[in-house]
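Geometric and topological summary
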Amino acid sequence: MKRYRIEPGSRVDLSAIDPDDKSAFSGGKDEASVEQAALRARLERLQELLYAEHQHKVLIVLQAMDAGGKDGTIRAVFEGVNPQGVSVVSFKVPSAEELDHDYLWRVHRHVPGKGQMVIFNRSHYEDVLIARVRDLVRPKVWRRRYDQINDFERMLAEEGTTLLKFFLHIDPDEQKQRLQSRLDDPHKRWKFNAGDLDERRLWPQYMEAYNDALSATSTEWAPWYVVPANAKWYRNHVVARVIVETLEGLEMRYPRPPAELSEIVIK
């Protein structure tokens, strides 16, 4: 999965990254479904271990263009995990209270505690993406936020949080098909937002903003992964593998029971 990891200090050019790439899996969709089931089983065990050990914290950030697959990734990858130890936070338009504080305030309140895994559906990166593209803040404001975000994430990492950030990379044609399917399917129309079409018209500006954000904020302590996401099954496979391999690298252990338990007899 290192092929999708953005090395710190490197310059990202999303136009040079193929959203249809499937080179990390030699089999097809059917074989991937079998592998995905095995990955989910491993993730379920690792998440239980994370919760039981109560030492590590895991924060997963998902970013994408509209219809990029954030919700679908969450459903597919985290199916079966214990909701007692996993939560999803979706960041919408800031409330009046949130706007009264610094832009990281609403995010910091939701970072994981020990034994917890938290998934951000959108995140603090909206403040260097839509805030930039829509001219919600001046350029000197969003430019200095790259360093602020890096410092914030470094602090989380130094305090024991493992951070994984995924940009789900689709192309405009794939987005068009997904938006059209929402419009055509009565069961999906609730997901269609006419405002997404306004954002779609700004695709080049968003790509430029993503290029800069990914380049400036992929660090050793909080790496970005650009995941080819035109094929949903492949997207799920990549995200699940990165998470599972990262959790296995933490070398977690179940807590040792008190010695006196060995003397207990249940009658």
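Residues numbered from 1 in each chain as written. Predicted model: local features only at pLDDT ≥ 70, side-chain atom pairs only at ≥ 80, totals over all residues. Heavy atoms only, no water.

What follows covers the pairing of strand β4 (residues 161–169). Most of β4 is tucked away: nine of the nine residues are buried. Judged by which residues are buried, β4 turns out to be covered on both faces: T161, L163, K165, F167 and H169 on one side and T162, L164, F166 and L168 on the other are all buried. Note that strand β1 (residues 57–64) and β4 share eight bridges and pair parallel. By the bridge assignment, K57 is partnered in β4 with T161. With five bridges joining them, β4 and strand β5 (residues 224–228) adopt parallel strand pairing. By the bridge assignment for β5, K165 is matched with W224. (Buried < 20%, exposed > 50% of the residue type's maximum accessible area, 1.4 Å probe, protein only. Helix = DSSP H or I, 4+ residues; strand = E, 2+ residues; numbered from the N terminus. Pairing = 2+ DSSP bridges.)

With respect to the helices, strands and loops of the structure, N121 is situated in strand β3 (residues 117–121). For N121, the side chain forms a polar contact with the side chain of D71, separated by 2.7 Å. Among all residues touching N121, those that are not within four sequence positions of it are L62, K70, D71, I74, V88, V89, S90 and F91. (Polar contact = N/O pair within 3.5 Å; in protein donor to acceptor, adjacent residues only side chain to side chain. Contact = heavy atoms within 4.5 Å.)

When its volume is computed, the largest pocket comes out at roughly 1,400 Å³. Forming the walls of the largest pocket are 50 residues, and the residues nearest its centre are D66, K70, K92, R122 and D196. For the lining of the largest pocket, the secondary-structure elements that each account for two or more residues are β1, α2 (70–77), α3 (96–99), α5 (130–133), α7 (172–184), α8 (195–200), α9 (203–217) and α10 (232–249). (1 Å grid on protein atoms, 1.4 Å probe; cavity = no way out; pocket = protein on both sides within 12 Å on 5 of 7 lines; lining within 4 Å. Points joined across faces, edges and corners; volume = space filled by probe spheres on them.)

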